[in-house]
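Survey of secondary and tertiary structure
Chain by chain, the residues run as shown.
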Amino acid sequence: MDAQQQSDSILPDSILIVDFGSQVTQLIARRVREAGVYSEIAPFGMAEAAFERMKPKGIILSGSPASVPDEGSPRAPQSFFEAGIPILGICYGQQVMSQQLGGEVRPGHETGEGGEFGRAYLTVTKDCALFDGLWKEGERHQVWMSHGDKVTQFAPGFEIVATSDGAPFAVIADEERQFYGTQFHPEVVHTPDGGKLLANFVHRVCGLTGDWSMAAYRDTKIREIREQVGDGKVICGLSGGVDSSVAAILIHEAIGDQLTCVFVDHGLLRLNEREQVETMFRDHYNIPLVVVDAEEQFMSGLAGVTDPEAKRKFIGKTFIDVFDAEAKKIGGADFLAQGTLYPDVIESVSFTGGPSVTIKSHHNVGGLPERMNMQLVEPLRELFKDEVRALGRELGLPDQFVGRHPFPGPGLAIRIPGEVTKERCDILRKADAIYLEEIRNAGLYDAIWQAFAVLLPVKTVGVMGDGRTYDSVCGLRAVTSTDGMTADVYPFDASFLTGCATRIVNEVQGVNRVVYDYTSKPPGTIEWE
């Protein structure tokens, strides 16, 4: 049984989300899971296979950048509308459901009314199960619209249950078949009651109890891991981050000393990170751990390399080489454990089923399974980041660890634009530690998604004491986010930043100027490289 088959072997009652390419489809899955119901996303071209595998209790059709009237625009499998289970169509999902069931959708430019974008207000014209206990007839509610096309004729069996100025069919319902369509996006935070509407759909309409929890997930995964691994041996590439650590501890709980963890110290870690990992895994959890000191190998290979993609590819390849060599020393391992998360799975396949655009290479051990003839064990592949943290707490990891900010696989290498050297890594390690210490002391750490320092390939003139300095510039970055897909700058007050700058310049030899990055994502990325 391969990893995908294994992860599918014990599925709870679920909701299938059909992805037509919306940038916020992941948010639908998150909202459904927040309601205590398991959900998965499938590109529309793979939706029928997902339906057969999952046997869901309901279906949600996502939004899309496509236009329903265009030739070749994506469609839902027609069989879904004959399956006898509830369906909710969101934006494009509402339009494509209407078109496929006999209604009409027209582009905004043809109707002469254009689209509707941003905050809007709808009026409830009739009660329905989707609004049960939440919205009442005659009330007005804020929602978030983002559409150019619109339904101009709904399909037989449907009726209008809410309207807005720009969308006469803002919400439509066929109560008999339990089909619903919203022209607005309930999954985004700009629709204040959106999460409750989705909860109504999964609980009141689909009849699901909302009992999917991390405790249940833990028990299920332990059974699956034991079934998959049997008496085999597993090795895990441990980065020290939350994902691989939670995966390792969960696997160890399932199979004990059949698991060996390998931690590669590539010299690109945060301050004292190696010692922290050794203490937690060896002393606290008593998990077999092999630590490989590969700093010299990585640093010599990075000498003279300045292109970000070249850095990532070298680090990824060298990690595989080092890990492979260590695995051969251990010998006899049948399985490779990885901390792959659900967004990694989703983003590896575009909504059309074709290749996705690569923004930047991800550092993982993707080349290892084929090379080492191993099967994968990926116990977190159905989880979002916040769910991994919840599972970590369920496994007894301390809050200070599971709440750690994300740290990239290539480590400090992508926080040092230009050439990476041991000296520059040591400078950045100290500056970063001071910055994070100040954030923790101010009680701001948990309010920030990710914060870190960057060592710029720029030197500036400074004055310290009576002498002239010519040293490096340190950039500080802090963002808020829910999932890392988009991010806003954290609004530190000036006194906090001044205090950080003072400490870094005074305590870190080699830095004489500190700047703060005010760029959101998009247009920037969170990391600098």
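Worth saying up front: this structure is predicted, and the values here are computed from it rather than measured.

Given a rise of 1.5 Å per residue, 20 residues ought to cover 28 Å, and the 28 Å separating the end C-alpha atoms of helix α16 (residues 422–441) matches this to within 8%. Among all positions of α16, only R424, C425, I427, L428, R429, A431, D432, I434, Y435, L436, E438 and I439 are buried. Structurally, α16 contributes buried residues whose contacts are with α10 (295–302), β17 (450–464), β18 (467–480), α17 (494–507) and β20 (511–516). After α16 finishes, the residue G443 shows a positive phi value of roughly 70 degrees.

Using the criterion set out here, one finds 32 salt bridges in the structure. Of the charged contacts in the structure, one is a salt bridge between E273 and R270, with a shortest N-O distance of 2.9 Å. Here E273 matches R270 in class, with each residue buried. Between E438 and R503 there is a salt bridge, with the nearest N and O atoms lying 2.8 Å from each other. Of this pair, E438 sits in helix α16 while R503 sits in helix α17, and the two are 65 residues apart along the sequence. If you follow the salt bridges from partner to partner, you end up with D265, R274, E278, R282 and D293 in one network.

One open sheet accounts for five strands, arranged β14-β13-β12-β15-β16; its pairing is parallel. In the strand order of this sheet, the two ends are held by β14 (289–293) and β16 (375–377), each with one partner. Direction aside, neighbouring strands of the sheet carry axes that sit 25 degrees apart on average. Lying on the sheet, helix α7 (residues 214–229) is in contact with β12 (234–238), β15 (335–337) and β16; it crosses β16 at an angle near 165 degrees.

Further remarks concern the UniProt feature "active site" (unreviewed entry) in the chain. The positions UniProt marks with the feature "active site" (unreviewed entry) are C91, H185 and E187. Despite a sequence span of 97 residues, these residues sit close together in the fold, their greatest C-alpha distance being 10.9 Å. As for its placement among the helices and strands, C91 is situated in the loop between β4 (87–90) and α4 (92–100). On the basis of relative accessibility, which here comes to 5%, the residue C91 falls in the buried class. Structurally, E187 can be placed in the loop between β11 (179–182) and α6 (194–205). You can call E187 buried: its relative accessible area is 0%. The contacts of E187, once residues within four sequence positions are left out, are V24, L27, I28, R31, I90 and L198.

Moving on, we get to the UniProt feature "binding site: ATP" (unreviewed entry) in the chain. Taking the numbering used here, the UniProt-annotated feature "binding site: ATP" (unreviewed entry) corresponds to S239, G240, G241, V242, D243, S244 and S245. Within the element layout of this structure, S239 appears in the loop between β12 and α8 (242–255). We classify S239 as partly exposed; its relative accessible area is 41%. Other than its neighbours up to four places away in sequence, S239 contacts S244 and F263. For S239, the side chain forms a polar contact with the main-chain nitrogen of G241, separated by 3.0 Å. Its location among the elements puts S245 in helix α8. When sequence neighbours within four positions are dropped, the list of residues in contact with S245 reads L238, G240, M280, F281 and F401.

Throughout the structure, instances matching the rule amount to 17 aromatic pairs. With a centroid separation of 5.9 Å and 20 degrees between ring planes, the pair formed by F319 and F323 is classed as stacked. Of the two residues, F319 and F323 are both situated in helix α11 (residues 308–330); the distance of four residues between them amounts to about one turn of the helix. A relative accessible area of 9% places F319 in the buried class. Using a relative accessible area of 0% as the deciding quantity, one classes F323 as buried. For the ring pair F492 and F496, a centre distance of 4.4 Å and an interplane angle of 20 degrees mean the geometry is stacked. Take F492 and F496: they sit in the same class, and that class is buried. Counting every residue linked through ring pairs, the aromatic cluster contains Y435, Y490, F492, F496, Y516 and Y518. A cation sits over an aromatic face here: R30 above F384, 5.2 Å from the ring centre. The aromatic ring of F452 is capped on one face by R415, whose charged end is 4.0 Å from the ring centroid.

It is at 10 Å that the axes of α8 and helix α14 (residues 385–394) come closest, and there the two elements cross at 45 degrees. Here α14 runs oblique to α8, going by the angle between their axes. Between α8 and α14 the crossing geometry is left-handed. In contact with V242, D243, V246 and L250 of α8, α14 contributes K385, V388, R389, L391 and G392. Here the contact of α8 with α14 is built from residues that sort into five nonpolar, one polar and three charged.

So, on to the pairing of strand β10 (residues 171–174). The side-chain alternation of β10 yields two buried faces, one formed by V171 and A173 and the other by I172 and D174. Direction of pairing for strand β9 (residues 159–164) relative to β10: antiparallel, over a ladder of three bridges. In the sheet register, A162 faces β10, and the bridge partner there is V171. The loop that links β9 with its antiparallel partner β10 comprises six residues. The antiparallel pairing of β10 with β11 creates a hairpin that spans four residues between the two strands, and Q178 there sits at a positive phi of about 60 degrees.

Applying the stated criterion across every chain yields a total of zero disulfides. Here C425 is not cross-linked by a disulfide; its sulfur's nearest cysteine counterpart is in C474, at 13 Å. The exposure class of C425 is buried, given its relative accessible area of 0%.

What counts and what doesn't
- Residues numbered from 1 in each chain as written.
- Predicted model: local features only at pLDDT ≥ 70, side-chain atom pairs only at ≥ 80, totals over all residues.
- Heavy atoms only, no water.
- Helix = DSSP H or I, 4+ residues; strand = E, 2+ residues; numbered from the N terminus.
- Expected span 1.5 Å × (residues − 1).
- Buried < 20%, exposed > 50% of the residue type's maximum accessible area, 1.4 Å probe, protein only.
- Contact = heavy atoms within 4.5 Å.
- Salt bridge = Lys/Arg side-chain N within 4 Å of Asp/Glu carboxyl O.
- Pairing = 2+ DSSP bridges.
- Axes fitted to C-alpha atoms, helices over the stretch in contact; angles between N-to-C directions.
- UniProt positions renumbered as here; feature names shortened; annotations may be inferred.
- Polar contact = N/O pair within 3.5 Å; in protein donor to acceptor, adjacent residues only side chain to side chain.
- Phe/Tyr/Trp six-rings, centres within 6.5 Å; stacked < 30°, edge-to-face > 60°.
- Lys NZ or Arg CZ within 6 Å of the ring centre and 35° of its normal.
- Parallel < 35°, antiparallel > 145°, perpendicular 65-115°, else oblique.
- Left-handed = near helix turned anticlockwise from the far one by under 90°.
- Nonpolar A, V, L, I, M, F, W, Y, C, P; charged D, E, K, R; others polar.
- Disulfide = S-S within 2.5 Å.

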